[in-house]
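Residue-level structure breakdown
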Amino acid sequence: MKAARAKTFFQCQECAAQSPKWVGQCPGCQAWNTLQEQRGERAPTHRFESLAERSRVVPLEQVEAQSVERFASGSDELDRVLGGGFVHGGVLLIGGDPGIGKSTLLLQTAAHVARSRPTLYISGEESLAQIALRATRLALSGSPVALMAEIALERIQTEIRDRKPELVVIDSIQTLFSEELSAAPGSVSQVRECAAQLTRVAKQTGTALVLIGHVTKEGTLAGPRVLEHMVDTVLYFEGDTHSQHRLIRSIKNRFGAVNELGIFAMTERGLKAVSNPSALFLSQHPRPVPGSSVLVSLEGSRPLLVEIQALVDASSGAHPRRLAVGLDAQRLALLLAVLHRHAGVSCHAQDVFLNAVGGARISEPAVDLACVFSIVSSLKNKPLGKGIATFGEIGLAGEIRPSPRGQERIREAVKLGYTHLILPRANAPRTPPEGVHLRPIERLDQALQALWEATASIEKA
Ligand code: TYD
Ligand code: MG
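Residues numbered from 1 in each chain as written. Chains lettered and ligands numbered in written order. Predicted model: local features only at pLDDT ≥ 70, side-chain atom pairs only at ≥ 80, totals over all residues. Heavy atoms only, no water.

Further remarks concern empty space enclosed by the protein. Over the atoms rolls a probe the size of a water molecule, and in doing so it shows where empty space is left. As enumerated under the stated definition, the model contains one cavity of 30 Å³ or more in all. Taken as a whole, the largest cavity spans an internal volume of roughly 90 Å³. Lining the largest cavity, in full, are Leu-82, Gly-85, Phe-86, Val-87, Gly-90, Val-91, Leu-92, Ala-208, Leu-209, Val-210, Thr-233 and Phe-255. Where the lining of the largest cavity is concerned, the elements lending two or more residues are strand S5 (86-87), strand S6 (91-96) and strand S10 (208-214). Per element, the largest residue contribution to the lining of the largest cavity is three residues, and it comes from S10. Among the residues forming the lining of the largest cavity, the class breakdown is nine nonpolar, three polar and no charged. (1 Å grid on protein atoms, 1.4 Å probe; cavity = no way out; pocket = protein on both sides within 12 Å on 5 of 7 lines; lining within 4 Å. Points joined across faces, edges and corners; volume = space filled by probe spheres on them. Helix = DSSP H or I, 4+ residues; strand = E, 2+ residues; numbered from the N terminus. Nonpolar A, V, L, I, M, F, W, Y, C, P; charged D, E, K, R; others polar.)

The way to describe two aromatic rings as a pair is by their centre distance and the angle between their planes. Under the defined criterion, the tally for this structure stands at one aromatic pair. Judged by centre distance (5.7 Å) and plane angle (40°), the ring pair of Phe-71 and Phe-86 falls under tilted. Residue Phe-71 is found in strand S4 (residues 70-71), and its partner Phe-86 is found in strand S5; the two are separated by 15 residues along the sequence. Looking at Phe-71, the relative accessible area reads 3%, which means it is buried. The cationic tip of Arg-409 hangs over the ring face of Phe-391; the distance from NZ or CZ to the ring centre is 5.3 Å. (Phe/Tyr/Trp six-rings, centres within 6.5 Å; stacked < 30°, edge-to-face > 60°. Buried < 20%, exposed > 50% of the residue type's maximum accessible area, 1.4 Å probe, protein only. Lys NZ or Arg CZ within 6 Å of the ring centre and 35° of its normal.)

As a structural note, the neighbourhood of ligand 1 is formed by 16 residues, with Gly-99, Ser-103, Thr-104, Thr-267 and Gly-270 the closest of them. Within the side chain of Ser-103, an N or O atom sits 2.6 Å from an oxygen atom of ligand 1. Here ligand 1, which alone exposes 560 Å², has 76% of that area covered by the protein. If you tally residues by element for the shell around ligand 1, the top one is helix H4 (residues 102-114), at three residues. Looking at the shell around ligand 1 residue by residue, the classes come out as four nonpolar, six polar and six charged. (Near = heavy atom within 4 Å. Polar contact = N/O pair within 3.5 Å; in protein donor to acceptor, adjacent residues only side chain to side chain. Areas by Shrake-Rupley, 256 points an atom, 1.4 Å probe, with all protein chains shown as cover.)

Here we have three strands laid out as an open sheet, ordered S2-S1-S3, and antiparallel in their pairing. Two strands lie at the open edges of the sheet, namely strand S2 (18-19) and strand S3 (35-40), each paired on one side alone. For strand S1 (residues 7-12) and S2, the ladder comprises two bridges, and the chain directions are antiparallel. Counted as the bridge partner of Phe-10 is Ser-19 from S2. (Pairing = 2+ DSSP bridges.)

In the sheet, strand S16 (residues 302-314) pairs with strand S18 (residues 350-356) via seven bridges, with the strands oriented antiparallel. The partner of Ile-308 across the bridge, within S18, is Ala-356. The sheet contact formed by strand S17 (residues 322-325) and S18 spans four bridges and is parallel. The residue of S18 that forms the bridge with Ala-324 is Leu-354. Tracing the backbone out of S17, into helix H9 (residues 329-343) and back to the parallel element S18 gives a crossover that is left-handed. (Right-handed = clockwise from strand over helix to strand, strands pointing away.)

Glancing now at unusual backbone geometry. Of the consecutive residues Asp-171 and Ser-172, the connecting peptide bond is found in the cis state with omega at 0°. Looking at the element boundaries, Ser-172 is found in the loop between strand S9 (167-171) and helix H7 (188-205). The backbone phi angle of Ala-139 is positive, close to 55°, even though this residue is not glycine. Relative to the assigned elements, Ala-139 resides in the loop between helix H5 (128-137) and strand S8 (146-149). Residue Ala-139 is classed as partly exposed on the basis of its relative accessible area of 44%. The phi torsion at Lys-164 lies on the positive side, around 50°, for a residue other than glycine.

On to the domain arrangement of the chain, then. Each assigned domain of the chain is listed here: domain 1 (8-39), domain 2 (71-275) and domain 3 (280-460). Taken over C-alpha atoms, the centre of domain 2 sits 37 Å from the centre of domain 3. Across the boundary between the two partners, domain 2 contributes 15 residues, which contact 10 residues of domain 3. Summing the contributions of domain 2 and of domain 3, the shared interface buries around 1,100 Å²; its carbon and sulfur component is 50%. Where domain 2 packs against domain 3, one counts one salt bridge. Measuring nitrogen to oxygen at the nearest pair gives 3.8 Å for the salt bridge that ties Glu-238 to Arg-361. Taken together, the links from domain 2 to domain 3 amount to one residue pair in polar contact (both at pLDDT 80 or more). Those elements that place two or more of their residues in the side of domain 2 that touches domain 3 are helix H3 (76-82), strand S12 (245-253) and strand S13 (261-267). (Domains from an automatic or database assignment. Contact = heavy atoms within 4.5 Å. Buried area = accessible area lost by both parts, 1.4 Å probe. Salt bridge = Lys/Arg side-chain N within 4 Å of Asp/Glu carboxyl O.)

Here the focus is the pairing of strand S11 (residues 233-238). The buried fraction of S11 amounts to six of the six residues, a majority that puts the element mostly inside the structure. Residues Thr-233, Leu-235 and Phe-237 point to one face of S11 and Val-234, Tyr-236 and Glu-238 to the other, with burial holding for every one of them. As judged from the five bridges shared by S6 and S11, these two strands associate in the parallel manner. Note on S11: the bridge partner recorded for Leu-92 is Thr-233.

With that settled, consider the pattern of salt bridges. This structure, assessed with the given rule, holds 19 salt bridges. Between Lys-382 and Glu-459 there is a salt bridge, with its nearest N and O atoms 3.6 Å apart. Of this pair, Lys-382 sits in the loop between helix H10 (368-379) and strand S19 (388-390) while Glu-459 sits in helix H12 (residues 444-460); the two residues are 77 residues apart in sequence, bridging distant segments of the chain. The exposure class of Glu-459 is exposed, given its relative accessible area of 52%. A salt bridge links Glu-412 to Lys-415, with the nearest nitrogen and oxygen atoms 3.6 Å apart. Taken together, the residues Glu-412 and Lys-415, both in helix H11 (residues 406-415) and three residues apart, mark about one turn of the helix. For Glu-412, a relative accessible area of 8% puts it in the buried group. One connected set of salt bridges, linked through shared partners, spans Arg-331, Asp-368, Glu-393, Glu-399 and Arg-401.

Printed below as a string of structure tokens:
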């Protein structure tokens with residue numbers, strides 16, 4: 001009987017659905033070409049259902065039943081995204097590209113927490129000597145943090161149960177394997193099983209658990225998007241590895257607000273909090289250049305000024321290119337259509353490239369006006385006036401929609417010395433703050449008119 005079942009099966013690397021045969025499209029999540037052959041017994045499906053149920057229901061009930069107890073991570077920026085600090089029994093997944101600084105941040109954090117609470121840092125990626133080398137570099141080598149180089153889940157579980165640390169860091173979840181499964185480490189069933197087992201231990205022992213996860217090229221946590229359901233908090237580490245700045249964003253948080261942003265700089269001695277981040281994503285042009293505008297963005301609870309750059313140039317091919325870095329490419333196509341239809345500006349024969357400066361990633365629709373301003377400025381090869389900032393969403397009918405928390409955006413722009421603000425009419429305050437010209441607008445053509453008027457008045461002054 002056993003021998004008959006011990007064969008191979010196929011499992012989706014995205015959603016962990018299983019199939020006895022290979023198929024092109026996953027029966028679970030409808031993704032294409034995600035099924036991979038796995039050796040071993042096919043897990044009975046009800047087992048996964050019960051796992052999913054537990055990770056979904058129990059932690060949420062706990063949150064309602066008891067007030068959460070937190071302890072500080074030692075970094076205000078990290079505490080901000082966590083919603084105030086680590087939670088006992090809370091499971092945190094932190095994802096990011098290789099080399100972005102995940103191990104650095106968590107080693108710094110573990111070293112800090114270890115001063116007042118038992119802390120265990122488990123690495124499946126690096127040897128103890130390598131970790132010690134990094135700790136020396138970070139000037140943390142005197143820290144009482146307990147280290148362990150281990151990839152066997154069962155041994156890690158025993159260690160957590162015996163030592164009862166208050167904080168455990170697993171670097172990374174993709175390197176672990178459970179002896180009970182025959183699949184290779186890093187495969188979706190291993191990652192899923194290890195995360196589920198560790199979550200159980202964390203809940204039982206009241207340990208705060210941090211799982212580090214790698215991100216695939218597609219930008220999702222490799223394979224186990226399923227992990228996002230299991231854990232309490234999901235953070236993404238982002239930023240351009242060529243620049244110093246690193247952002248940590250909360251995508252999901254059962255213990256706090258989402259879309260909070262923590263801002264760090266990678267220095268010679270590890271990650272440091274950035275004290276005045278709002279001007280971080282502006283490049284310093286000695287004089288205004290075409291194709292550049294400034295967005296007043298509001299990510300989570302903090303306003304940020306971000307330069308949006310566009311390059312619009314004659315296309316050589318039959319299909320002009322549209323490329324967006326740090327912004328949504330679909331949104332770019334949509335904006336170009338609206339720009340043509342409602343403002344008569346055509347980019348049909350041009351390639352359009354759009355970039356958010358400094359590795360910023362903007363997902364809020366308030367970026368629309370800034371994108372359009374940069375595109376028009378590049379197309380006309382005319383710089384916008386120095387001191388103009390903007391925010392606002394553009395609808396398909398060419399209307400300008402208000403953005404949330406307009407007052408805070410205006411305040412930040414004024415604080416950083418912007419003198420002309422082009423903004424949705426619904427966001428304009430009755431009494432404008434001193435020292436700034438507000439140009440409230442309702443439609444796209446008005447917006448462009450206001451833009452050139454503001455530029456002309458700045459040039460005259
Ligand atoms: P790391 O934490 O190993 O990244 P991850 O775990 O996300 O893969 O960070 C690696 C990069 O950070 C590496 O390119 C070197 C750089 N770094 C510094 O610039 N300063 C430092 O103090 C440390 C420890 C690393
Ligand atoms: Mg690492």
